[in-house]
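Here is how the chains run, residue by residue.
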Amino acid sequence: MEQVITHLSRFRAAILQELGHRFGPRDWQVAPNVPAFTRAAADDGDRPEAETVSLGTIYFDGAYPASLRRSAADTVARTGKRFGFTELVIQQDSTDGIAFTGRHPDGHTYRFGSGTTTVLSVRSGPAEWTGEPYTGPAEVPQA
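Attention in this report is confined to the structure presented alongside it. (Residues numbered from 1 in each chain as written. Predicted model: local features only at pLDDT ≥ 70, side-chain atom pairs only at ≥ 80, totals over all residues. Heavy atoms only, no water.)

With that settled, consider the packing of helix α1 (residues 2–23) against helix α2 (residues 66–82). In the contact formed by α1 and α2, the axes pass within 10 Å of each other and the chain directions differ by 145°. For α1 against α2, the interelement crossing comes out right-handed. Listed contacts from α2 to F11, A14, I15, E18, L19, R22 and F23 of α1 are L68, S71, A72, T75, V76, R78, T79, G80 and R82. Looking at side-chain class alone, the contact of α1 with α2 contains 8 nonpolar, 4 polar and 4 charged residues. (Axes fitted to C-alpha atoms, helices over the stretch in contact; angles between N-to-C directions. Helix = DSSP H or I, 4+ residues; strand = E, 2+ residues; numbered from the N terminus. Left-handed = near helix turned anticlockwise from the far one by under 90°. Contact = heavy atoms within 4.5 Å. Nonpolar A, V, L, I, M, F, W, Y, C, P; charged D, E, K, R; others polar.)

Right, dumping it as structure tokens:
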């Protein structure tokens, strides 16, 4: 799990870097109504010790202008592809906003949306810890 979290932390940082480079810096912050780090037992019968980890949801107030939303979404999806995410599921694609989920063959997922606010969340697929499990966001390696 530690390697998975490191990979996903780098992935989230790469998304923010690419978005910032293309569209200017934004004041991304931890969503106040979503825990910044959570662990849950994974439904993996072959590995009863497996867990999933959520790196929480980050957001910035406001959204990319409607004229840039498609480009921002494409930037996120391309970054996902670079990190091994092979499938996209579109939840919304309208004048009100865009939202989709990226899926990785190992079960990792990310969600990106830009409408009223802009949000990004990242969750691992099932994995086992090799050491003592992290208990909070302060233990997650920063990319």
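Alright, that's what it looks like, and here's the rest.
The subject of this paragraph is the packing of aromatic side chains. A complete count under the given rule lists 10 aromatic pairs for this structure. Here F100 and F112 contribute two aromatic rings whose centre-to-centre distance is 5.8 Å and whose plane-to-plane angle is 50°, an arrangement assigned as tilted. Placement of the pair is F100 in strand β5 (residues 97–103) and F112 in strand β6 (residues 109–114), with a sequence separation of 12 residues. By relative accessible area, which is 3% here, F100 ends up buried. Ring-pair connections join several aromatic residues into one group, and the members of that group are F11, F83, F85, F100, Y110 and F112. (Phe/Tyr/Trp six-rings, centres within 6.5 Å; stacked < 30°, edge-to-face > 60°. Buried < 20%, exposed > 50% of the residue type's maximum accessible area, 1.4 Å probe, protein only.)

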